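These are the residues of each chain, in order.
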Amino acid sequence: MERNELKTKILALLERNARISTKEIAERLACEEALIAALIDELEKSHVIMGYSAIVSDLANSSEVLAIIEVEVQPERDTGFDKIAERLGKFPEVRSVYLVSGRYDLRLEVVGSSLQEIASFVAAKLSCQNGVKSTATYFMLKKYKEAGITLNGGGEENERLKIVP
Amino acid sequence: MNASRSCRSWVAPHIAALPRSGIRDFFELVNAMDDVVSLGIGEPDFVTPWHIREAAIYALDKGVTHYTSNLGDIRLRKAICRYVKERFGGDYDPKGECIVTVGVSEGLDILLRAVLSPGDEVLYPSPSYVSYGPTIQMCHAEPVPVETRAEHDFVVQVSDLEAKTTPKTRVLLLNYPNNPTGATLTAADKAALADFAIRHDLLVVSDEIYEELSYVDRSPSIASLPGMKERTVLLNGFSKAFAMTGFRIAYACSTNDIIEAMMKVHQYSIMCASSMVQAAALEALQNGAAGRDEMLEEYRQRRNVIVKRLNDMGLNCFMPNGAFYVFPCIRSTGLDSMTFAKRLLQEQHVAVVPGTAFGACGEGFVRCSYASSIADIETAMDRIETFIASLRKG
Ligand SMILES: Cc1ncc(COP(=O)(O)O)c(C=O)c1O
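Residues numbered from 1 in each chain as written. Chains lettered and ligands numbered in written order. Predicted model: local features only at pLDDT ≥ 70, side-chain atom pairs only at ≥ 80, totals over all residues. Heavy atoms only, no water.

Enquirer: What is the right way to look at the site of the ligand in this model?
Expert: Residues and elements named next belong to chain B. Not every one of the 14 residues close to the ligand is listed here, only the nearest: Val104, Ser105, Asp207, Ser239 and Lys240. Between the ligand and arginine 248, the relevant distance is 2.7 Å, taken from an oxygen atom to a side-chain nitrogen or oxygen of the residue. In isolation the ligand exposes 400 Å². Once the protein is present, 95% of that is buried. With three residues, the single largest contributor to the shell around the ligand is helix 5 (residues 103-115). Considered class by class, the residues forming the shell around the ligand number five nonpolar, six polar and three charged. (Near = heavy atom within 4 Å. Polar contact = N/O pair within 3.5 Å; in protein donor to acceptor, adjacent residues only side chain to side chain. Areas by Shrake-Rupley, 256 points an atom, 1.4 Å probe, with all protein chains shown as cover. Helix = DSSP H or I, 4+ residues; strand = E, 2+ residues; numbered from the N terminus. Nonpolar A, V, L, I, M, F, W, Y, C, P; charged D, E, K, R; others polar.)

Enquirer: I would appreciate a short explanation of unusual backbone geometry in the present structure.
Expert: Comment: phi is negative for the bulk of residues other than glycine, and the bulk of peptide bonds are trans. Residues and elements named next belong to chain B. For the bond running from serine 126 to proline 127, omega is 0°, close enough to zero to count as cis. Position of proline 127 relative to the elements: it lies in the loop between strand 3 (121-126) and helix 6 (132-137). With an omega dihedral of 15°, the bond running from asparagine 179 to proline 180 counts as a cis peptide bond. Turning to its location among the elements, proline 180 is positioned in the loop between strand 5 (169-174) and helix 8 (187-199).

Enquirer: So what exactly am I meant to see when it comes to helix 2 (residues 24-31) of chain B here?
Expert: Along an α-helix, a turn takes 3.6 residues, which lines up residues three or four apart on a common side. All names here are of chain B. Within helix 2, burial applies to Phe26, Phe27 and Val30. For helix 2, the arc enclosing every buried residue in end-on projection is 100°, short of the 170-degree limit, so these residues lie on one face. Tucked inside the fold, the buried residues of helix 2 contact helix 12 (337-348), strand 10 (350-351) and strand 11 (353-354). (Buried < 20%, exposed > 50% of the residue type's maximum accessible area, 1.4 Å probe, protein only. Arc of directions from axis to C-beta. Contact = heavy atoms within 4.5 Å.)

Enquirer: Would you take a moment to explain the pairing of strand 2 (residues 94-99) of chain A for this structure?
Expert: Note: strand 2 of chain A against strand 3 (residues 106-112) of chain A, five bridges, orientation antiparallel. By the bridge assignment, leucine 99 of chain A is partnered in strand 3 of chain A with leucine 106 of chain A. (Pairing = 2+ DSSP bridges.)

Enquirer: Before we go on, may I ask you to explain the domain arrangement of chain B in this structure?
Expert: How big an interface is tends to be reported as the loss of accessible area on association of its parts. Residue and element names in this part refer to chain B. Partitioning chain B into domains gives domain 1 (3-48 + 290-393) and domain 2 (50-287). Distance between the C-alpha centres of domain 1 and domain 2: 24 Å. With 34 residues of domain 1 in contact, the opposing surface of domain 2 contributes 40 residues. Interface area for domain 1 against domain 2, summed over the two sides, is near 3100 Å², with a carbon-plus-sulfur share of 64%. When the area that domain 1 buries against domain 2 is broken down by residue, the three leading residues are Thr48, Arg292 and Phe318, summing to 24%. The interface formed by domain 1 and domain 2 includes one salt bridge. Here glutamate 212 and arginine 292 are joined by a salt bridge, their closest N and O atoms 3.8 Å apart. Counting the contacts that link domain 1 with domain 2 gives 13 residue pairs in polar contact (both at pLDDT 80 or more). At the level of elements, helix 1 (13-16), helix 11 (289-312) and strand 9 (325-326) are the ones that each hand at least two residues to the side of domain 1 that touches domain 2. Residues of the side of domain 1 that touches domain 2, tallied by class, amount to 22 nonpolar, seven polar and five charged. (Domains from an automatic or database assignment. Buried area = accessible area lost by both parts, 1.4 Å probe. Salt bridge = Lys/Arg side-chain N within 4 Å of Asp/Glu carboxyl O.)

Enquirer: When you look at the nonpolar core in this model, what are you seeing that I'm missing?
Expert: As a rule of thumb, soluble globular proteins bury nonpolar side chains together. Residues and elements named next belong to chain B. In terms of nonpolar packing, the biggest core is built from 105 residues, with Phe26, Leu116, Met262, Ile306, Phe340 and Val352 touching the most fellow members. For this core, the leading source of residues is helix 13 (residues 374-393), giving eight residues. In this structure, this core is formed jointly by two domains, domain 1 (3-48 + 290-393) and domain 2 (50-287), each of which donates at least three residues. If near-sequence neighbours (up to four positions away) are discounted, methionine 262 is found in contact with Ile99, Gly107, Ile110, Leu111, Ala114, Val233 and Ala252. Core analysis: the second largest hydrophobic core is formed by 29 residues, Cys98, Phe238, Ala241 and Ala273 among them. (Core = buried A, V, L, I, M, F, W, Y, C linked by side-chain atoms within 4.5 Å.)

Enquirer: What is the right way to read the pattern of salt bridges from this model?
Expert: When charged atoms on two side chains of opposite charge get close, those side chains can pair. Residues and elements named next belong to chain B. Summed over the entire model, instances satisfying the criterion amount to 35 salt bridges over all chains. Two residues, lysine 308 and aspartate 312, come together in a salt bridge whose shortest N-O distance is 2.9 Å. Of this pair, lysine 308 and aspartate 312 both sit in helix 11, four residues apart, which is roughly one turn of that helix. Of the residues examined, aspartate 312 reaches a relative accessible area of 56% and is grouped as exposed.

Enquirer: What's the story with the layout of surface pockets in this structure? I'm lost.
Expert: Over the atoms, a rolling probe the size of a water molecule traces out where space has been left empty. Residues and elements named next belong to chain B. When its volume is computed, the second largest pocket comes out at roughly 490 Å³. Surrounding the second largest pocket, 23 residues form its lining, Pro19, Val130, Ser131, Pro134 and Ala357 being those nearest its centre. Residue assignment for the lining of the second largest pocket shows that the elements contributing at least two residues are strand 3, helix 6 and strand 4 (142-147). Looking at which element gives the most residues to the lining of the second largest pocket, the answer is helix 6, with four residues. When grouped by side-chain class, the residues that make up the lining of the second largest pocket number 14 nonpolar, nine polar and no charged. (1 Å grid on protein atoms, 1.4 Å probe; cavity = no way out; pocket = protein on both sides within 12 Å on 5 of 7 lines; lining within 4 Å. Points joined across faces, edges and corners; volume = space filled by probe spheres on them.)

Below, the structure written as structure tokens:
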């Protein structure tokens with residue numbers, strides 16, 4: 001298999017399970033573990049892989065509050081949306097930043113320990129940034145599905161007979 | 001086997017004579033066990049992709065609850081013929097050369113009933129899918145299993161077929177990619193088999209239910225080779241490719257003559273395949289490619305894992321190019337297939353199917369299905385390794 005095809009398959013496996021071992025990846029793709037390790041290294045160094053994280057459900061009992069914030073901004077000459085997006089991304093409360101098509105421009109995911117904390121972040125930090133024209137904040141109430149994974153497997157049974165010739 | 005004289009048996013002799021599946025006891029043993037890791041399951045572990053299930057629900061919502069045409073909804077037949085042409089090769093007219101069946105199981109049954117007369121002989125490679133022999137016998141015809149061997153990666157050899165051909169031979173029943181061995185045919189194999197069928201004027205029945213589970217570039221169906229359409233029935237279905245076993249839906253393509261004859265049997269015994277299921281099948285053909293290919297990639301990776309582990313522990317098997325089965329040789333353990341399977345089950349709680357379930361020449365082999373999660377496959381392999389180590393010590 002050629003390297004790029006291998007990389008695509010490695011990424012697909014890691015996106016599904018970030019804790020998969022290089023050994024298992026090597027066995028699945030029928031190649032040497034050393035090659036897989038080297039390719040993952042390349043993917044990390046070239047920032048294709050930005051990091052690894054766990055997908056945590058609401059059952060974790062954390063008091064964390066999550067909000068989606070739509071931000072309308074004034075793009076700048078030459079840099080467009082990039083500069084301001086990068087600047088907003090520097091706040092540690094901001095977990096993700098996307099430029100989106102549609103009614104607004106940037107979509108932020110913001111975490112805080114309480115509603116008030118996020119409210120004050122929006123009022124005191126976000127809205128008064130240069131170039132930010134307006135914001136709309138949506139607090140997340142309950143998580144049903146994330147990163148392709150459904151809480152409780154969506155209640156599906158998927159039972160099979162134990163043996164089928 | 002016969003009822004005692006005093007108690008009359010109502011069962012027809014040819015049904016009474018059907019083998020009471022030699023491994024039913026083994027199956028019962030497996031079913032009675034709670035914590036078994038099973039590599040004995042010949043169906044996808046994936047639940048049917050949601051969009052296909054949703055199409056069935058939507059069909060119910062809309063009131064698609066009536067009989068369809070006996071041959072099946074014409075929209076589905078059109079989609080099937082288009083799909084067959086694009087994916088397998090072969091030109092069929094949806095109006096009279098294609099019939100929608102309740103699984104390949106029904107397709108095979110109505111076909112054999114349509115073409116076989118008592119005493120006709122049917123050649124088929126063995127080991128084989130368990131239904132073949134009995135389905136032939138239910139037509140009062142003679143099953144003629146033809147042994148295939150590990151040295152040929154279980155591809156049937158024309159010379160072996162020749163040796164079993166008689167003036168009564170009428171049908172050659174093929175199943176590649178194969179259950180239970182995972183064997184597949186190259187273009188040259190197909191050409192040789194086509195030539196054999198033409199020379200002996202045989203009808204070829206090609207059960208290609210695992211064709212979409214092919215891990216190498218595949219060659220066109222034997223049905224599409226020159227001179228073969230008029231003597232071939234192509235059987236395929238949705239069970240394996242789209243993980244739709246419980247839906248019970250499949251199809252057959254052949255000449256108008258044969259499809260007409262199959263339709264008669266189908267019409268009088270089944271009427272038609274269930275209508276909301278036909279709607280789901282149409283959805284699978286129209287929008288199911290991505291889901292199908294994703295499952296295929298997962299099977300491919302599991303195959304790599306299981307084949308390496310089995311060979312590493314000395315249970316030799318070739319790298320199968322299709323289906324989701326491996327068929328390792330267990331002779332090095334000194335056990336026969338049934339003893340191996342029973343002891344593995346009792347001592348390590350892992351289920352595999354003894355090769356003899358698929359024909360006498362499956363002795364010395366077991367079938368492992370990799371339609372199970374990698375975690376289950378790894379656990380099963382660890383346990384089989386422990387089992388084999390304990391045999392060597394003992
Ligand atoms: C070779 C073969 N043919 C036919 C069938 C039956 O398929 P269906 O679900 O379409 O009846 C199976 C199922 O395991 C099979 O392995």
